[in-house]
Protein chains: 2
Amino acid sequence: MGNDTPYDQGLDRTPANYQPLTPLGFLERAASVFPDHVAIVHGALRRSYADFYARARQLASALADRGMGRGDTVSVMLANTPAMLECHYGVPMCGAVLHSINTRLDAAVIAFQLDHAMSKLVVVDREFAPLMAEALSLATVTPLVILYDDPEYDGPGAIDGAEDYEALLATGDAAFAWHMPRDEWDAISINYTSGTTGDPKGVVSHHRGAYLLAQGNALTTSMAKHSVYLWTLPMFHCNGWCFPWTLSAIVGTHVCLRQVRSGPIWHALAEEGVTHLCGAPIVMSLIQSAPEVEKRALNRRVQFFTAAAPPPESLLASMDAAGFDVTHLYGLTETYGPAVVNEWHEDWCDLPSNEQARLKARQGVRYLPLEDLSVLDPDTMQPVPRDGQTMGEVMFRGNVVMKGYFRNPSATQKALAGGWFHSGDLGVVHPDGYIQLKDRSKDIIISGGENISSIEVEEALYRHPSVAVAAVVAMPHEKWGETPCAFVELNSGQTVDEHQLRTWCREHLAPYKVPGRIIFGEIPRTSTGKIQKFLLRARVSEPCQEP
Amino acid sequence: MGNDTPYDQGLDRTPANYQPLTPLGFLERAASVFPDHVAIVHGALRRSYADFYARARQLASALADRGMGRGDTVSVMLANTPAMLECHYGVPMCGAVLHSINTRLDAAVIAFQLDHAMSKLVVVDREFAPLMAEALSLATVTPLVILYDDPEYDGPGAIDGAEDYEALLATGDAAFAWHMPRDEWDAISINYTSGTTGDPKGVVSHHRGAYLLAQGNALTTSMAKHSVYLWTLPMFHCNGWCFPWTLSAIVGTHVCLRQVRSGPIWHALAEEGVTHLCGAPIVMSLIQSAPEVEKRALNRRVQFFTAAAPPPESLLASMDAAGFDVTHLYGLTETYGPAVVNEWHEDWCDLPSNEQARLKARQGVRYLPLEDLSVLDPDTMQPVPRDGQTMGEVMFRGNVVMKGYFRNPSATQKALAGGWFHSGDLGVVHPDGYIQLKDRSKDIIISGGENISSIEVEEALYRHPSVAVAAVVAMPHEKWGETPCAFVELNSGQTVDEHQLRTWCREHLAPYKVPGRIIFGEIPRTSTGKIQKFLLRARVSEPCQEP
Ligand SMILES: Nc1ncnc2c1ncn2[C@@H]1O[C@H](COP(=O)(O)OP(=O)(O)OP(=O)(O)O)[C@@H](O)[C@H]1O
Ligand SMILES: Nc1ncnc2c1ncn2[C@@H]1O[C@H](COP(=O)(O)OP(=O)(O)OP(=O)(O)O)[C@@H](O)[C@H]1O
Ligand SMILES: [Mg+2]
Ligand SMILES: [Mg+2]
């Protein structure tokens, strides 16, 4: 079994048969084959693939003229606008690395990211200019600043000394010979995690992974040529799960959306022929709870891909009735977006709807470009039994796992130890091989040696008609080590007290899982709407003695 | 622009984030997610993905037990049967290289291939056993011989001392830990070219390219999950254009077919819910010219992918009427099958049908996983103008270009010189960037310094109602250097003489393009039905003096 078989001789890589994988070429192809096809819809704007590609090259050329090149970070703080799409191509086309900033962060966190990412240039939408100005005043780096004035935005906002985005583009060459990455392992983007577990980390993605996940989106979900995609998912989140690149691969149409509001969404669904959209379950709620005057009859099924949390049963039925097929996806910033899919079996459609919802709440199986997905005991690195019960840590292996965390080799080594990416999510494997998340490692509660899933306790609370939001964390306990503590927001107009809720929990949970305390009031969230349990934990550091 | 940016530090490949690309994992995934989905239909047989995968692993295990490993050649001579599909997975799963032999070749050529490929083991269908026995008696290598007894075949055929395929499988382990390739550049298969230009070469493909082209088939043609694929294309031809692997990626169903006859094709179309099939234009003729009793009404559009020659106008109209959408593909064994696609524009459907046929006769644009396609002057390596007139050599660059020719470094270097794969096909580029083939380099006729496309002359002859087949080659000419010589087969019952046909040509061609001689009679073809012009050229080596 030597390396030197006849198939290893005289058959080496050459430029003719080996090129770095990169999603950038998808745009070149779309523009050359379908130059007049509409690539981008934004308000009244209809931009063709020829123009999209020309503008991306102009951007790359202008950035190169301003000294941006391989390994330089270009930060952007943009809504889901044409400029954001252009940056997904133009920035890596000059060799630079795209850093998309969550527009809902505060100035201090933005300043931290700019410094940590060593940002050299910033593109900012006028709406976010004051916030960016504040962040820059706090930051150590002094990037060039480019201001994007979206015609669809007419509110206030300016920043001193910034160059105009369109003026910048005008200096660029639409025929610029853009740079292929030197290697498909080269960085294409950096995205900071949402900080749910406390410390945002700079996840570095490469061209190879972006190429594969972009194709994986289309393949896993059977997205056909010329699909029309509505931008309800923020592109600053994991590069919009790589869909900015997927759409060029299938020569589809992007329908931009500055703000995720129900009126514009229903308008686009009806008027622009939207076939696909993505978002957290909150986007489905928004679509469903739209005023009746906004809602429209759709003459085709629309594909909705949801992630961030399992889709609740109530939404699934109403989405189906409204004309949407909902697919449940799961992934992390570290996996380029979704890398796990709840692959649906046709015969499941014959089951009762609560049973369908139960099956759809499971996160599922690996995406095609993910080589392996498993739930392992993190100590032994052995897979848990497929019993739907035994918890382990969800782990990923393959070409759509990040390069690592930027400037953080120890976190990178820890995350990629033992040949697997450790997600920090805890889950089980069902007998059919579908995984289901149960908790985050940091959120699990260990009481008297027993594991308690915070999600299970939350689910019991959610079933109470008065409860709007529930978050359960571990609280120190003198006898049991830890016990659950619940934070609860009530539905408006509802009153229920701690005693009543604990009685409810005793009826629905094993005794040791009943929260030792229940605290009412607003629950802290990240800018993306995720609950910050690490802050809740800090609030209950005093040991509790019941029950 | 050093290599050492912060994005190059502490962010290296590990098993967690880098795995070799290989199509073998597609089957593992399909079997684990849809174990009960029908993978293979063959006569009355319905084989699930779980069984398909288990059998592929048994095969890999049994082959490994018999000493097959990395870099060993396993040859197969099989019809489009379940065993052929199993070999597409089982052989590379033990690290070996799959060598599929065209079942229509003669013993001498088979013996040449076995020796050249250094075959260690042969799997042969009982129908071809006598031919293989003859080939083995001529060959120097002495491979192990495995006999496949397809239940759908009940004719004669045996071979001495062969082990039975099912018995072999029974010795294998269905849970065999199959081998990932050490590197995605490792060989997965070897296919000999059809020998149209005289010298069959052993084209070596790698796992990376097979993975990418298999996905490219689905992406380029919008093949949805659970498509049903009918095997009218021989799998021994370029690994069935990688469709054996594509189908696992989309968890589709293979409908096998021992023989390409119109009855079974129409039966499968109607009874098995076939959505896709591939083949040369001859397969379309076969479908169309089926007796009326065989034809069936189809309750859906069927996708037909055709390559090897442009689809003739007459067939396109009747295929459309019968319910088929025809897509024209182009590629070579050296590009894993199709790497060029006639991407159709929706608005072309409004054109008159002859105009549509003209547009569809063009080979088109690059497949998504092909990084570049161009028509270059082979001397200067400069692209020809996009005028639809100027001929150059069609060249390919990218990850779906072969590793090279087996044990033939000089041919490999020549084929991949200057950063492009030289196809030997001559073509033009139209103003919209679509390429169109005009001839093969070796078939072009140079008369008085003017290039004459043999295809153009053939097309003029084909338009004559009496002509069934026409082949035009260069014939030496005392004054002009070369002049066209035509070989013609007439439609049955037709008579036309050389004089009449030359008059016809004078009405349809520039004078210097009119054949100096027209020879009637049977035209030699390769086993795949391609005309062997090199044999025709040998027959007209005498210089001609007219006109
Ligand atoms: N379908 C889903 N169901 C349940 N949870 C999901 C789903 N999809 C994503 N998640 C959760 O979101 C996480 C990924 O989110 P993201 O990468 O945006 O940042 P984060 O993990 O919240 O932030 P940080 O890593 O800084 O704590 C997953 O680890 C998982 O916990
Ligand atoms: N759509 C098409 N239209 C015209 N010609 C085609 C088309 N598709 C394939 N071909 C021809 O088939 C060739 C590829 O065939 P293949 O690789 O099977 O062997 P071959 O080239 O005929 O054999 P050899 O290389 O030994 O001469 C192409 O180079 C081209 O000439
Ligand atoms: Mg995380
Ligand atoms: Mg050839």
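Residues numbered from 1 in each chain as written. Chains lettered and ligands numbered in written order. Predicted model: local features only at pLDDT ≥ 70, side-chain atom pairs only at ≥ 80, totals over all residues. Heavy atoms only, no water.

S.K.: Can you walk me through the overall build of chain A in this structure?
M.R.: A tally of regular secondary structure across chain A gives 17 helices and 27 strands. For a compact globule of 547 residues, the expected C-alpha radius of gyration is about 24 Å, and chain A comes in at 24 Å, within 12% of that figure. Counting across all 547 residues of chain A, residues that qualify as buried make up 60%. Just so you have it, chain A exposes about 20100 Å², and 51% of that area is on carbon and sulfur atoms. In chain A, the 44 positive side-chain charges and the 63 negative ones have mean positions that sit 1 Å from each other. (Helix = DSSP H or I, 4+ residues; strand = E, 2+ residues; numbered from the N terminus. Rg over C-alpha atoms; globule rule 2.2 N^0.38 Å. Buried < 20%, exposed > 50% of the residue type's maximum accessible area, 1.4 Å probe, protein only. Areas by Shrake-Rupley, 256 points an atom, 1.4 Å probe, with all protein chains shown as cover. Lys, Arg positive; Asp, Glu negative; His and termini not counted. Charge placed at Lys NZ, Arg CZ, Asp CG, Glu CD.)

S.K.: Sorry, what's going on with the packing of aromatic side chains here?
M.R.: Each pair of aromatic rings is reported with the distance of its centres and the angle of its planes. For the structure shown, the criterion picks out 30 aromatic pairs over all chains. Aromatic pair A:Trp266 and A:Phe324: ring centres 6.1 Å apart, planes at 80 degrees, arrangement edge-to-face. Linking A:Trp266 in helix H10 (residues 262-271) with A:Phe324 in strand E14 (residues 324-332), this pair joins segments that are 58 residues apart in sequence. Each member of the pair, A:Trp266 as well as A:Phe324, is classed as buried. Through a chain of ring-to-ring contacts, three or more aromatic side chains come together here, namely A:Tyr229, A:Trp231, A:Phe243 and A:Phe305. Over the ring of A:Tyr405 we find A:Lys201, and its NZ or CZ is 5.2 Å from the ring centre. Stacked on the ring of B:Tyr18, the Lys or Arg B:Arg13 has its end atom at 5.0 Å from the ring centre. (Phe/Tyr/Trp six-rings, centres within 6.5 Å; stacked < 30°, edge-to-face > 60°. Lys NZ or Arg CZ within 6 Å of the ring centre and 35° of its normal.)

S.K.: What should I look at first to understand the domain arrangement of chain A in this one?
M.R.: How big an interface is tends to be reported as the loss of accessible area on association of its parts. All names here are of chain A. Partitioning chain A into structural domains gives domain 1 (24-155 + 162-168 + 180-429) and domain 2 (445-539). Relative placement of domain 1 and domain 2: their C-alpha centres are 31 Å apart. Regarding the contact of domain 1 and domain 2, the summed buried area is about 790 Å², with carbon and sulfur atoms giving 60% of it. At the surface where domain 1 touches domain 2, the tally comes to zero salt bridges. (Domains from an automatic or database assignment. Buried area = accessible area lost by both parts, 1.4 Å probe. Salt bridge = Lys/Arg side-chain N within 4 Å of Asp/Glu carboxyl O.)

S.K.: What am I meant to see in helix H1 (residues 24-33) of chain B here?
M.R.: Helical geometry: 3.6 residues make up each α-helical turn, so side chains three or four residues apart lie on a common side. When you tally the buried positions in H1(B), you get eight out of ten residues, the bulk of the element. Those residues of H1(B) not exposed but buried are B:Leu24, B:Gly25, B:Phe26, B:Leu27, B:Arg29, B:Ala30, B:Ala31 and B:Val33.

S.K.: What's the story with the relation of the copies chain B and chain A in this structure? I'm lost.
M.R.: Mapping between the two copies of the chain is achieved by a rotation about an axis and a shift along the axis. The transform that puts chain B on chain A rotates by 180 degrees and translates by 0.0 Å along the axis, for an RMSD of 0.2 Å. Read as a symmetry element, the transformation amounts to a two-fold axis. (Least-squares fit on C-alpha atoms with pLDDT ≥ 70 in both.)

S.K.: Where do I start with the sheet that holds strand E17 (residues 372-376) of chain B in this structure?
M.R.: Residue and element names in this part refer to chain B. Taken in spatial order, the four strands make up an open sheet running E17-E18-E20-E21, and their pairing is antiparallel. In the strand order of this sheet, the two ends are held by E17 and strand E21 (435-440), each with one partner. Mean inter-strand twist for the sheet, computed between neighbouring axes without regard to direction, equals 45 degrees. Bridge count for E17 against strand E18 (residues 392-397) is five bridges, and the pairing is antiparallel. (Pairing = 2+ DSSP bridges. Axes fitted to C-alpha atoms, helices over the stretch in contact; angles between N-to-C directions.)

S.K.: Could you clarify how one ought to interpret the interface of chain B and chain A in this entry?
M.R.: The partner chain A presents 80 residues to the 80 residues of chain B that form the contact. Counting the surface lost from both chain B and chain A, the interface buries some 6600 Å², and carbon and sulfur atoms represent 55% of this. Of all residues in chain B, B:Tyr7, B:Leu11 and B:Arg29 give up the largest surface area on contact with chain A, accounting jointly for 13% of the area buried on that side. Seen at the junction of chain B and chain A, the total is twelve salt bridges. When residues of the side of chain B that touches chain A are traced back to their parent elements, those giving at least two are H1, strand E8 (187-192), strand E9 (202-206), helix H7 (207-220), strand E16 (365-366), E18 and strand E19 (404-405) of chain B. Residue classes in the side of chain B that touches chain A are distributed as 39 nonpolar, 22 polar and 19 charged. (Contact = heavy atoms within 4.5 Å. Nonpolar A, V, L, I, M, F, W, Y, C, P; charged D, E, K, R; others polar.)

S.K.: Where do I start with the pairing of strand E26 (residues 517-520) of chain B in this structure?
M.R.: The side chains of a regular strand alternate, residue by residue, between the two faces of the sheet. All names here are of chain B. Inspection of the sheet shows strand E25 (residues 481-490) paired to E26 by four bridges, in the parallel sense. In the strand pairing of E26, Phe487 is matched with Ile519. Of the crossover connections in this fold, the one passing from E25 over helix H16 (residues 498-508) to the parallel E26 is right-handed. (Right-handed = clockwise from strand over helix to strand, strands pointing away.)

S.K.: Looking at this structure, how should I read the environment of A:Trp178?
M.R.: Residues and elements named next belong to chain A. By the element assignment, Trp178 lies in the loop between helix H6 (165-170) and strand E8 (187-192). Note on Trp178: relative accessible area 15%, which makes it buried. It is 8.9 Å that separates the C-alpha atoms of Trp178 and Pro92, two residues lying 86 residues apart in sequence. Ignoring sequence-local partners within four residues, the contact set of Trp178 consists of Leu24, Gly25, Glu28, Tyr53, Arg57 and Met93. There is a polar contact of 2.8 Å between the side chain of Trp178 and the side chain of Tyr53. (Polar contact = N/O pair within 3.5 Å; in protein donor to acceptor, adjacent residues only side chain to side chain.)

S.K.: Help me out: how do you make sense of the packing of H1(B) against helix H2 (residues 49-65) of chain B in this one?
M.R.: Packed helix pairs are specified by the crossing angle of their axes together with the interaxial distance, meaning the distance between the axes. All names here are of chain B. Axis separation between H1 and H2 bottoms out at 8 Å; the angle between their running directions is 140 degrees. Here H1 lies oblique to H2, going by the angle between them. Taken as a pair, H1 and H2 cross one another with a handedness that is left-handed. In this structure, H1 contributes Leu27, Glu28, Ala30 and Ala31 to the contact, and H2 contributes Tyr49, Ala50, Phe52, Tyr53 and Ala56. Here the residues of the contact of H1 with H2 sort into eight nonpolar, no polar and one charged. (Parallel < 35°, antiparallel > 145°, perpendicular 65-115°, else oblique. Left-handed = near helix turned anticlockwise from the far one by under 90°.)

S.K.: Is there a simple way to explain helix H4 (residues 107-116) of chain B in this structure?
M.R.: Buried residues of H4(B): B:Ala107, B:Ile110, B:Ala111, B:Gln113, B:Leu114 and B:His116, and no others. Backbone geometry just downstream of H4(B) places B:Met118 in the positive-phi region, at approximately 55 degrees.

S.K.: Explanation requested: the pairing of strand E5 (residues 119-125) of chain B in the structure shown.
M.R.: All names here are of chain B. By the criterion of burial, E5 is predominantly enclosed, with six of the seven residues buried. Of the strand pairs in this sheet, strand E3 (residues 73-77) and E5 are connected by five bridges, and their pairing is parallel. Bridge pairing in E5 places Ser75 opposite Val122. Relative to strand E6 (residues 144-148), E5 is paired through five bridges, and the arrangement is parallel. Counterpart to Val123 in the pairing with E6 is Ile146. Chirality of the crossover, the property in question, places the unit of E5, helix H5 (residues 129-138) and E6 among those that are right-handed.

S.K.: It is not clear to me how the pattern of salt bridges should be interpreted in this structure. Could you clarify?
M.R.: Any two side chains of opposite charge can pair if their charged atoms end up close together. All names here are of chain B. Inspection of the entire model under this criterion finds 59 salt bridges over all chains. Ionic pairing is found between Glu86 and Arg47, a salt bridge with its closest N-O pair at 2.8 Å. Taken together, the residues span a long stretch of sequence, with Glu86 in helix H3 (residues 82-93) and Arg47 in strand E2 (residues 45-48) at a distance of 39 residues. Arg47 carries the same exposure label as Glu86, and that label is buried. Arg66 is paired through a salt bridge with Glu163; the nearest N and O atoms lie 3.1 Å apart. Within this pair, whereas Arg66 is found in the loop between H2 and E3, its partner Glu163 is found in strand E7 (residues 163-164), the two being separated by 97 residues in sequence. For Arg66, a relative accessible area of 25% puts it in the partly exposed group.

S.K.: Honestly, the sheet that holds strand E20 (residues 404-405) of chain A in this entry has me stumped. Any pointers?
M.R.: Whether parallel or antiparallel, the strands of a sheet pair through hydrogen bonds between backbone atoms. All names here are of chain A. In space, the eight strands of this open sheet follow the order E7-E6-E5-E3-E4-E8-E9-E20, with mixed pairing throughout. In this open sheet, the two strands that pair with only one neighbour each are strand E7 (163-164) and E20. Its contacts with the sheet place helix H5 (residues 129-138) against strand E3 (73-77), strand E5 (119-125) and strand E6 (144-148), and it is angled at close to 155 degrees to E5.

S.K.: Explanation requested: a negative patch on the surface in the structure shown.
M.R.: The grouping of A:Asp36, B:Glu346, B:Asp347 and B:Asp350 at the surface amounts to a negative patch. Mapped onto the fold, B:Asp347 is located in the loop between strand E15 (337-341) and helix H13 (353-360). (Patch = residues over 30% accessible without salt bridge, like charges linked within 9 Å, V, L, I, M, F, W, Y side chains within 5 Å.)

S.K.: Explanation requested: the environment of A:Ile188 in the structure shown.
M.R.: Summarising the element assignment, A:Ile188 is placed in strand E8. A C-alpha to C-alpha distance of 9.7 Å links A:Ile188 and A:Pro23, two positions 165 residues apart in sequence.

S.K.: Could you clarify how one ought to interpret the environment of B:Ile265 in this entry?
M.R.: All names here are of chain B. Of note, Ile265 is situated in helix H10 (residues 262-271). For Ile265, a relative accessible area of 0% translates into the label buried. Taking the C-alpha atoms as reference points, Ile265 and Trp231, 34 residues apart in sequence, are found 9.1 Å from one another. Ile265 has contacts with Leu230, Thr232, Leu257, Val260, Leu286 and Ile287, leaving out every residue within four places of it along the chain.

S.K.: Where do I start with unusual backbone geometry in this structure?
M.R.: Glycine aside, a negative phi is what most residues show, and trans is what most peptide bonds show. Residue and element names in this part refer to chain A. In this model, His226 sits at a positive phi of 65 degrees, which is unusual for a non-glycine residue. Note that His226 resides in the loop between helix H7 (207-220) and strand E10 (228-230). Assessed through its relative accessible area of 15%, His226 is described here as buried. Within the chain, Cys238 stands out as a residue other than glycine whose phi angle is a positive 55 degrees. Counting through the fold element by element, Cys238 comes out in helix H8 (residues 238-241).

S.K.: In this structure, what is going on with the side chain of B:Gln19? I would like to understand it.
M.R.: The residue B:Gln19 is located in the segment before H1 in this model. Looking at B:Gln19, the relative accessible area reads 13%, which means it is buried. With sequence-adjacent residues up to four places away left out, B:Gln19 is seen in contact with A:Arg208, A:Glu371, A:Arg397, A:Gly398, A:Asn399, B:Met180 and B:Glu184.

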